[in-house]
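Next come the chains, spelled out residue by residue.
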Amino acid sequence: MTAPVLETEEHQALRAAVAALGKRYGRDYLTRVADAGGHPDELWAEAAKLGYLGVNLPEEYGGGGSGISELSIVLEELGAAGSPLLMMVVSPAICGTVISRFGTAAQKRAWLPGLADGSRTMAFGITEPDAGSNSHRITTTARRDDDGSWVLTGRKVFISGVDIADATLIVGRTSDARTGKLKPCLFIVPRDTPGFERRQIDMELQAAEKQFELTLDDVRLPADALVGDEDAGLLQLFAGLNPERIMTAAFAIGMGRYALDKAVAYARERTVWKTPIGAHQAIAHPLAQVHIELELARLMMQKAARLYDAGDDIGAGEAANMAKYAAAEACVRAVDQAVHTLGGNGLTREFGLAGLITGSRVARIAPVSREMILNYVSHQTLGLPKSY
């Protein structure tokens, strides 16, 4: 896949450099790590050393001073090489962004340098067993004690990387004294905080990053654990969720490109009759369609990232949801068509596609399902009434 013509020379140089790093590791590396129950520490450390992990974080805290546009390039190219880093979506994109935009000076000093150089990671906890990602139904509550500290109680589910993260940015709800209603707030919960328990969820998905259910049983936090303004509510939350959707799109596009590249290489060489199978339109046209869909998804991802980096949170919200939807659909079709192109070989470990059948489906359901994105577009963009 050629470099996008809409990107600057700096972006194209970043893309090429990250692609070279990804190829030194590749899918074989990530598969070995996952099979051994480990984590891609070597790739994470090298990406950090080269400045890729913190490319979106402020320069004064050791970051690259760029934005989500650049971070999405990093994740996409690692994915296209077969070695994406899921924690990039969570740690620098969501948590790093929220802290850099809304954190106190002390929180920025404490967390941003480590998030930028990869020495510290942070997980993100929003999804709940009964509420999913619906921030209006979150039941994890936070109350302020007489001494000014916070006490959190609740549960979270499908939270990535809690076992390796130094802390988790938890979405809770506090009571609004004026209205009596609950409003979302964000809290930094260190991994070893008393009352903060985790249980690994047994997943069939093959990935180095594990999934956890969290229990917060009267978790007591200092007053400065609150990130940002207690009254900002959804504004701060979506400052993290929009980058999450953009980065999920990058993850999916990279995965789709990896699958497509494998299929195209196979179709060029595999000969059953007189010519390679790629000469037959039944093989060639579906692969061409997949390429088009991935390119279109990337354009929407780039639009969303630029809007976000320009400070247009409302515009970025719509575009980020559309980008995530388009990328997920393109990724699923790319993987499916790649496996179909290779036939039985598509299910062997040698070609590294079979595991992506499950992995590509994740992009359709996480961090928000395609149905909820369609709800968002129908309500927010088209102005149609809600059914719920």
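Residues numbered from 1 in each chain as written. Predicted model: local features only at pLDDT ≥ 70, side-chain atom pairs only at ≥ 80, totals over all residues. Heavy atoms only, no water.

- Going by an unreviewed UniProt entry, the chain carries the name Acyl-CoA dehydrogenase family protein and comes from Streptomyces citrinus.

### Here's the deal with the overall build of the chain
Here is step 1 of the chain: Along its length, the chain carries 10 helices and 8 strands.
Here is step 2 of the chain: Taking 21 Å as the expected radius of gyration for a compact globule of 388 residues, we find that the chain reaches 21 Å, a close match to that expectation.
Here is step 3 of the chain: Its C-alpha atoms give the chain principal-axis dimensions of about 80 × 50 × 40 Å.
Here is step 4 of the chain: Put simply, the chain has 388 residues, and 54% of those count as buried.
Here is step 5 of the chain: Pairs at least 24 residues apart make up 70% of the contacts formed inside the chain by residues separated by at least 6 positions. (Helix = DSSP H or I, 4+ residues; strand = E, 2+ residues; numbered from the N terminus. Rg over C-alpha atoms; globule rule 2.2 N^0.38 Å. Buried < 20%, exposed > 50% of the residue type's maximum accessible area, 1.4 Å probe, protein only. Contact = heavy atoms within 4.5 Å.)

### Quick notes on the nonpolar core
Here is step 1 of the chain: By size, the foremost hydrophobic cluster in this structure holds 92 residues, and its most contacted members are Met88, Met122, Phe124 and Leu169.
Here is step 2 of the chain: No other element matches helix α6 (residues 234-269), which puts 17 residues into this core.
Here is step 3 of the chain: For Leu169, the residues in contact, after removing those within four places along its chain, are Cys95, Val98, Met122, Ala123, Phe124, Gly125, Leu186, Phe187, Ile188 and Val227.
Here is step 4 of the chain: The next biggest cluster of nonpolar side chains, apart from the first, holds 19 residues, and it includes Ala165, Cys185, Leu216 and Ala225. (Core = buried A, V, L, I, M, F, W, Y, C linked by side-chain atoms within 4.5 Å.)

### Section: the packing of helix α8 (residues 313-342) against helix α10 (residues 370-381)
Here is step 1 of the chain: Put simply, α8 and α10 touch, their axes get as near as 10 Å, and they point 145° apart. Relative to α10, the crossing made by α8 is left-handed. Contacts between α8 and α10 involve Ile314, Gly317, Glu318, Asn321, Met322, Lys324, Tyr325 and Glu329 on the former and, on the latter, Arg370, Ile373, Leu374, Tyr376, Val377 and Thr381.
Here is step 2 of the chain: Per-class residue counts for the contact of α8 with α10 are 7 nonpolar, 3 polar and 4 charged. (Axes fitted to C-alpha atoms, helices over the stretch in contact; angles between N-to-C directions. Left-handed = near helix turned anticlockwise from the far one by under 90°. Nonpolar A, V, L, I, M, F, W, Y, C, P; charged D, E, K, R; others polar.)

### Some points on helix α2 (residues 41-49)
Here is step 1 of the chain: Every buried residue of α2 is listed here: Leu43, Trp44, Ala47 and Ala48. The buried residues of α2 all sit within an arc of 130° when viewed along its axis, so they share a single face. Projecting away from the buried face of α2 at angles above 90 degrees are the exposed residues Asp41 and Lys49.
Here is step 2 of the chain: Those residues of α2 hidden inside the fold are in contact with α1 (9-35), α3 (68-80), α4 (87-102) and α5 (105-117).
Here is step 3 of the chain: Downstream of α2 by a residue or two, Gly51 has a phi angle that is positive, lying close to 85°. (Arc of directions from axis to C-beta.)

### Concerning the pairing of strand β4 (residues 167-175)
Here is step 1 of the chain: Within β4, 8 of the 9 residues are buried, which leaves the element mostly enclosed by the surrounding structure.
Here is step 2 of the chain: Alignment of strand β1 (residues 122-125) against β4, held across 4 bridges, turns out to be parallel. Looking across to β4, one finds that Met122 is bridged to Ala167.
Here is step 3 of the chain: Pairing analysis gives 9 bridges linking β4 to strand β5 (residues 182-190), with the strands arranged antiparallel. When the bridges of β5 are listed, Thr174 appears paired with Lys183. (Pairing = 2+ DSSP bridges.)

### Some remarks on α5
Here is step 1 of the chain: Here α5 is 13 residues long and its end C-alpha atoms lie 18 Å apart, about the 18 Å a rise of 1.5 Å per residue gives.
Here is step 2 of the chain: Within α5, the axis deviates most sharply at Trp111, by approximately 30°, and proline Pro113 lies no more than four positions further along.
Here is step 3 of the chain: Looking only at α5, the buried set comprises Gln107, Lys108, Trp111, Leu112, Gly114, Leu115 and Ala116.
Here is step 4 of the chain: Contact partners of the buried residues in α5: α4, β1, β4, β5 and β8 (226-227).
Here is step 5 of the chain: Downstream of α5 by a residue or two, Gly118 has a phi angle that is positive, lying close to 80°. (Expected span 1.5 Å × (residues − 1). Bend = angle between axes of the 7 residues up to and from the residue.)

### Here we look at the packing of aromatic side chains
Any pair of aromatic rings gets described here by the distance separating the centres and the angle formed by the planes.
Here is step 1 of the chain: All chains considered together, the criterion is met by 3 aromatic pairs.
Here is step 2 of the chain: Ring geometry for Tyr25 and Tyr29: centres 4.9 Å apart, planes at 70°, overall edge-to-face. Taken together, the residues Tyr25 and Tyr29, both in helix α1 and 4 residues apart, mark about one turn of the helix. Both residues of the pair, Tyr25 and Tyr29, count as buried.
Here is step 3 of the chain: Aromatic side chains Trp150 and Phe187 sit 5.1 Å apart centroid to centroid with 65° between the ring planes, which places their arrangement in the edge-to-face category. A residue pair is termed long-range when its members are at least 10 positions apart, and Trp150 in strand β3 (residues 150-160) and Phe187 in strand β5 qualify at 37 residues.
Here is step 4 of the chain: Of the residues examined, Trp150 reaches a relative accessible area of 2% and is grouped as buried.
Here is step 5 of the chain: Sitting over the ring of Trp111, Arg120 keeps its end group 3.8 Å from the ring centre. (Phe/Tyr/Trp six-rings, centres within 6.5 Å; stacked < 30°, edge-to-face > 60°. Lys NZ or Arg CZ within 6 Å of the ring centre and 35° of its normal.)

### Re the pattern of salt bridges
Here is step 1 of the chain: Evaluation of the coordinates by the stated rule reveals 20 salt bridges.
Here is step 2 of the chain: Ionic pairing is found between Arg364 and Glu329, a salt bridge with its closest N-O pair at 3.0 Å. Placement of Arg364 in helix α9 (residues 354-365) and of Glu329 in helix α8 is noted, with a sequence separation of 35 residues between them. Summarising the burial analysis for this pair, Arg364 and Glu329 share the class buried.
Here is step 3 of the chain: Salt bridges sharing partners connect three or more residues here, namely Glu7, Arg15, Glu76, Glu77, Arg257, Glu295 and Arg298. (Salt bridge = Lys/Arg side-chain N within 4 Å of Asp/Glu carboxyl O.)

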